[in-house]
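Chain and residue survey
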Amino acid sequence: MSVRLMPMATTAIIALAAAAPALARDQINIVGSSTVFPFSTTVAERFGKSTDFKTPIVESTGSGGGLKLFCAGDGINTPDITNASRRIKASEVALCETNGVTDIVEAKIGFDGIVMANSTAAEQVELSLRDIFLALAKDVPMADGTTQPNTYKTWDQINPSLPAVKIEVLGPPPTSGTRDAFVELAMEGGCKTFDWVKALKKSDKPAYKALCHTLREDGAYVEAGENDNLIVQKLEANPTAFGVFGYSFLEQNSDLVQGSIIDGVAPEFEDIAAGDYPIARSLYFYVKASHVGVVPGMAEFLTEFTSEDAWGEEGYLTDKGLIPLSEDERQQWSDEINALSPLSM
């Protein structure tokens, strides 16, 4: 008799399984910026140890790559949070909306500087934004209002005070928020020191942007992926090269690499916080409000990240290189983040 019942029981179990709703994940899934990655990972590890929730999974995919994954849909098979070392773009918000991601919470968490670093085995250099632009631009402006392909091979050809070594800069790919910020702040900052180029912004903005934002492709700038630690290792092996990455990685590897002085200002905590360092940007993460209450621990994770113990002036994230917001800004953002206030562009 039991042999006859087994097929019926098996059929019933299969039917029940098919009828049951899919279970929500029990672990927060975070993607995005390689710069924000160490901060997010530190909070995730603390959160996992100090609560009954599982430690969130944090992946470094780059800001652009993370936002693409985040905006792919609103189901639990998509990320809950994405880190970004730049603000979300209007085009990315539109992509999110197209795919049903409409309840986005923006979280500004602090500041970071972008450094031009080299090995501590080499001499620390002083660079201007113009030096950086002329070293890495695809085309360079001429005095007569024309441009020519970049033919600079060594740093001293740009500025006699710079070392007579090959121009080789290891940096992030186009999917990186660090790359976006570096192009906007450093490259464009140097580009517009030419008067006729600065005037071009008003008369022909697309041409201005193409000139100021386009990096050369002849080997002087080397795309080194999203792994900033790999860039640090390559600089250690090649003391004549420079690398582009966030201040936090400089802070963590100060025994191996040093930041160049830019326009007379060193990449130091106080100068970045004061707004004196010329290549500094804000850091963010973005949250799907619809996943709060569905994926366990979401609200509690946001509370932990925005606690004074984490992102405050004496918080554990400052030990990782995060430049904190002012006290008033932290309070404002904490209120908005934990209330799940919707993103406003």
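Residues numbered from 1 in each chain as written. Predicted model: local features only at pLDDT ≥ 70, side-chain atom pairs only at ≥ 80, totals over all residues. Heavy atoms only, no water.

Take helix H2 (residues 37–50) next. Along its 14 residues, H2 runs 20 Å from first to last C-alpha, staying within 8% of the 20 Å computed at 1.5 Å per residue. Of the residues making up H2, those classed as buried are Pro-38, Phe-39, Ser-40, Thr-41, Thr-42, Val-43, Ala-44, Phe-47 and Gly-48. Buried residues along H2 sit in contact with strand E1 (29–32), strand E2 (57–58), strand E3 (81–84), helix H11 (247–252), strand E13 (280–288) and helix H13 (298–305). (Helix = DSSP H or I, 4+ residues; strand = E, 2+ residues; numbered from the N terminus. Expected span 1.5 Å × (residues − 1). Buried < 20%, exposed > 50% of the residue type's maximum accessible area, 1.4 Å probe, protein only. Contact = heavy atoms within 4.5 Å.)

Together, Glu-251, Glu-313, Glu-314, Asp-319, Glu-327 and Asp-328 make up a region of like negative charge exposed at the surface. By the secondary structure assignment, Glu-251 is in helix H11. (Patch = residues over 30% accessible without salt bridge, like charges linked within 9 Å, V, L, I, M, F, W, Y side chains within 5 Å. Areas by Shrake-Rupley, 256 points an atom, 1.4 Å probe, with all protein chains shown as cover. Salt bridge = Lys/Arg side-chain N within 4 Å of Asp/Glu carboxyl O. Lys, Arg positive; Asp, Glu negative; His and termini not counted. Charge placed at Lys NZ, Arg CZ, Asp CG, Glu CD.)

It is worth spelling out the domain arrangement of the protein at this point. Domain assignment breaks the protein into domain 1 (29–111 + 282–339) and domain 2 (113–280). Computed from C-alpha coordinates alone, the two centres of domain 1 and domain 2 are separated by 28 Å. A buried area of about 1300 Å², summed over both sides, lies between domain 1 and domain 2, and 56% of it is on carbon and sulfur atoms. Of all residues in domain 1, Ser-34, Thr-35 and Ile-323 give up the largest surface area on contact with domain 2, accounting jointly for 34% of the area buried on that side. Applying the counting rule to domain 1 against domain 2 returns one salt bridge. For the pair domain 1 and domain 2, the number of links is seven residue pairs in polar contact (both at pLDDT 80 or more). (Domains from an automatic or database assignment. Buried area = accessible area lost by both parts, 1.4 Å probe. Polar contact = N/O pair within 3.5 Å; in protein donor to acceptor, adjacent residues only side chain to side chain.)

Attention now goes to the environment of Ile-337. Relative to the helices and strands, Ile-337 is located in helix H15 (residues 327–338). Exposure remark for Ile-337: the relative accessible area of 0% places this residue in the buried category. When the C-alpha atoms of Ile-337 and Ala-299 are compared, they prove to be 9.5 Å apart, with 38 residues separating the residues in sequence. Discounting residues that sit within four places of it in the chain, Ile-337 has contacts with Val-105, Glu-106, Ala-107, Leu-302, Thr-306 and Trp-311.

Summed over the entire model, instances satisfying the criterion amount to 11 salt bridges. Between Asp-180 and Arg-86 there is a salt bridge, and its shortest N-O distance comes to 2.7 Å. Taken together, the positions of Asp-180 in helix H7 (residues 177–191) and Arg-86 in the loop between E3 and helix H4 (90–98) put the pair 94 residues apart, joining distant regions of the chain. With a relative accessible area of 10%, Arg-86 lands in the buried category. Across the pair Glu-308 and Arg-330 runs a salt bridge, and its minimum N-O distance is 3.0 Å.

The next thing to look at is the state of the cysteines. Evaluation of the coordinates by the stated rule reveals two disulfides. The side chain of Cys-71 participates in a disulfide bridge whose partner is Cys-96; the two sulfur atoms lie 2.0 Å from each other. With the S-S dihedral at roughly -70°, the linkage between Cys-71 and Cys-96 falls on the left-handed side. Of the two residues, Cys-71 sits in the loop between helix H3 (63–70) and E3 while Cys-96 sits in helix H4, which places them 25 residues apart along the sequence. The class of Cys-71 is buried, set by a relative accessible area of 0%. When its relative accessible area of 0% is taken as the criterion, Cys-96 is described as buried. The disulfide bridge from Cys-191 ends at Cys-212, spanning 2.1 Å between sulfur atoms. An S-S torsion of about -65° defines the bridge between Cys-191 and Cys-212 as left-handed. (Disulfide = S-S within 2.5 Å.)

Across all of its chains, the model carries seven aromatic pairs by this definition. Measuring from centroid to centroid gives 6.0 Å for Phe-301 and Phe-305, while their planes differ by 75°, and the two rings are edge-to-face. Taken together, the residues Phe-301 and Phe-305, both in helix H13 and four residues apart, mark about one turn of the helix. Of the two residues, Phe-301 and Phe-305, both sit in the buried class. (Phe/Tyr/Trp six-rings, centres within 6.5 Å; stacked < 30°, edge-to-face > 60°.)

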